[in-house]
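# Report on the structure
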Amino acid sequence: MELTPVNAQFVAEVTDVDLSAPLAIEEQEALRKHLDEFAVLIFPDQPVTETEQLDIAKLFGDLEVSVGASIYNTDKPRRLGHAQLSDISNLDEAGRILDNGDIRRLINISNQLWHTDSSFKRIPASVSLLSAQEIPPVGGATEFADMRAAWDALDKSMQQRLMPLVAIHDYFHSRGLTGFDVEGIPDHWRTLQPPVPQVLVRHQRNTNRHSLYLASHISKIEGLSETESKTLVDELIAFATQPQFVYRHRWRTHDLVMWDNRCTMHRGAGFDEKYRRSMRRATVQDIGPSVEQMDKSREATV
C-alpha cells in the first residue's frame with residue numbers, strides 16, 4: 001500500500017492495493033491509521049462492486065441505512081441493490097436520467113451545500129466511501145474542507161467560546177436552503193428524521209486533535225437566538241472553507257474516495273444534467289451521539 005500526500009496532512013492518494021479483494025489484517029490497520037492521519041484518502045482505479053464497497057466500509061464500523069431507502073420513495077424500486085448505499089446519481093432505477101421534477105434530483109441539489117454526512121441523525125456518520133462508476137465530462141467535482149486545520153487557525157478566545165456549544169442539525173433545514181418545498185413535507189418524514197443535537201467541536205481520540213463540526217444542516221445553536229445562530233454558523237463555515245483549508249477532487253471513473261466526517265466538510269459542484277452521473281456512497285455510523293461522546297470525554301478528564 002503506497003501513500004502519496006496530495007495536500008499536506010489532509011489528503012493522500014493510496015495505490016498498490018486492491019479493494020475488491022479481502023484485506024489482510026495489517027492492511028486494514030494501515031488503512032485506519034492513514035485515514036486518522038489524512039482524513040481524506042483517494043483510491044484511483046478501483047472498480048468495486050456494491051458488495052465489495054460495503055465490505056470495505058464495514059472495516060470501520062456498522063453501516064447506516066440510506067435516507068433515500070428509509071424516508072422517501074420507499075414504495076418505488078431502487079437503482080442500487082442495498083439499502084446501506086446512498087445513490088449519488090442523476091439516474092432512475094432503469095438507468096435513465098432523472099426528470100427535472102423528480103424528488104431524487106431535488107433532494108440531491110442540497111449536496112452542493114457544505115455539509116457533513118448524516119450529522120442530522122442521532123448517531124451521525126464517521127466514515128464515508130464514495131465510488132464513481134460514470135462521471136460527467138465537465139463539472140461535478142467534490143470539495144473537502146479540513147476542519148482540524150480550521151480549528152487550529154482560530155484564536156484561543158474563539159476556541160473557548162465554541163468548545164461548549166451544541167448545534168441542532170435538521171435534514172429538512174438544509175433542503176429548504178435550496179428551494180425544496182419543506183412546507184409540503186409529509187409529517188411522517190419529519191417523524192422519521194427529527195432534528196438532533198450535535199457538538200460544535202469534536203475531539204479525535206486517536207490523534208488527540210480537535211475539529212470544527214459544521215454543516216448546512218445546522219438550524220440553530222442552543223442558547224443563541226436564531227439570528228445569532230445563523231451569523232455564527234455562516235461566519236464559521238466561511239472561515240473553514242477558505243482556500244488554504246480546501247481540496248478540490250476532480251473525479252475519474254472508478255475513483256473511490258474515503259473521508260472522515262468528524263473532521264471534514266464537503267460539497268459537490270454542479271454539472272450539466274444532460275450528462276449521466278452514477279455514484280454510490282457507503283456510510284459508517286459513529287460509535288454514538290456526539291453529545292454523549294463529549295460528556296464521556298469530559299467525565300474522563302475530571
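Above this note sits the structure.
For the structure given in this document, a descriptive report is provided here. (Residues numbered from 1 in each chain as written. Predicted model: local features only at pLDDT ≥ 70, side-chain atom pairs only at ≥ 80, totals over all residues. Heavy atoms only, no water.)

## A short note on the overall build of the chain
- Helix and strand content of the chain: ten helices and 15 strands.
- The C-alpha atoms of the chain give 19 Å as radius of gyration, which agrees with the globular expectation for 302 residues (19 Å, within 12%).
- Principal axes of the C-alpha set define a box for the chain whose edges measure 55 × 50 × 35 Å.
- When each of the 302 residues of the chain is scored for burial, the buried share is 51%.
- Contacts in the chain between residues at least 24 apart in sequence constitute 81% of all its contacts with a sequence separation of at least 6.
- Taken as a whole, the chain presents about 13,900 Å² of accessible surface, with 50% of it coming from carbon and sulfur.
- The centroid of the 33 positive side-chain charges in the chain is displaced by 2 Å from the centroid of its 44 negative side-chain charges. (Helix = DSSP H or I, 4+ residues; strand = E, 2+ residues; numbered from the N terminus. Rg over C-alpha atoms; globule rule 2.2 N^0.38 Å. Buried < 20%, exposed > 50% of the residue type's maximum accessible area, 1.4 Å probe, protein only. Contact = heavy atoms within 4.5 Å. Areas by Shrake-Rupley, 256 points an atom, 1.4 Å probe, with all protein chains shown as cover. Lys, Arg positive; Asp, Glu negative; His and termini not counted. Charge placed at Lys NZ, Arg CZ, Asp CG, Glu CD.)

## Remarks on helix 1 (residues 25-38)
- Under the 1.5 Å per step criterion, the end-to-end length of helix 1 is 20 Å for 14 residues, consistent within 8% with the ideal 20 Å.
- Ala39 sits one or two residues past helix 1 and shows a positive phi near 75°. (Expected span 1.5 Å × (residues − 1).)

## As for the packing of aromatic side chains
- By the definition in use, this model includes four aromatic pairs.
- Where Phe120 meets Tyr171, the ring centres are 4.8 Å apart and the plane angle is 65°; that geometry is what we call edge-to-face. Taken together, the positions of Phe120 in the loop between helix 4 (103-108) and strand 5 (125-134) and Tyr171 in helix 7 (residues 171-176) put the pair 51 residues apart, joining distant regions of the chain.
- Relative to Phe245, the ring of Phe239 has its centre 5.8 Å away and its plane inclined at 50°; by these criteria the two rings are tilted.
- The class of Phe239 is partly exposed, set by a relative accessible area of 25%.
- Relative accessible area serves as the criterion here: at 8%, Phe245 is assigned to the buried category.
- Put simply, the rings of Phe120, Tyr171 and Phe172 touch in pairs and so form one group of aromatic residues. (Phe/Tyr/Trp six-rings, centres within 6.5 Å; stacked < 30°, edge-to-face > 60°.)

## Structural notes on the pattern of salt bridges
- For the structure on display, the rule yields 18 salt bridges.
- Measuring nitrogen to oxygen at the nearest pair gives 3.5 Å for the salt bridge that ties Arg281 to Asp117. With Arg281 in strand 15 (residues 278-285) and Asp117 in the loop between helix 4 and strand 5, this residue pair connects regions lying 164 residues apart in the sequence. Take Arg281 and Asp117: they sit in the same class, and that class is buried.
- Connected via shared salt-bridge partners are Arg202, Asp260, Arg262 and Asp286. (Salt bridge = Lys/Arg side-chain N within 4 Å of Asp/Glu carboxyl O.)

## Looking at unusual backbone geometry
- Phi is positive for Ala39, close to 75°, though the residue is something other than glycine.
- Relative to the assigned elements, Ala39 resides in the loop between helix 1 and strand 3 (40-43).
- Owing to a relative accessible area of 0%, Ala39 belongs among the buried residues under this scheme.
- The phi angle at Asp45 is positive, at roughly 55°, despite the residue not being glycine.

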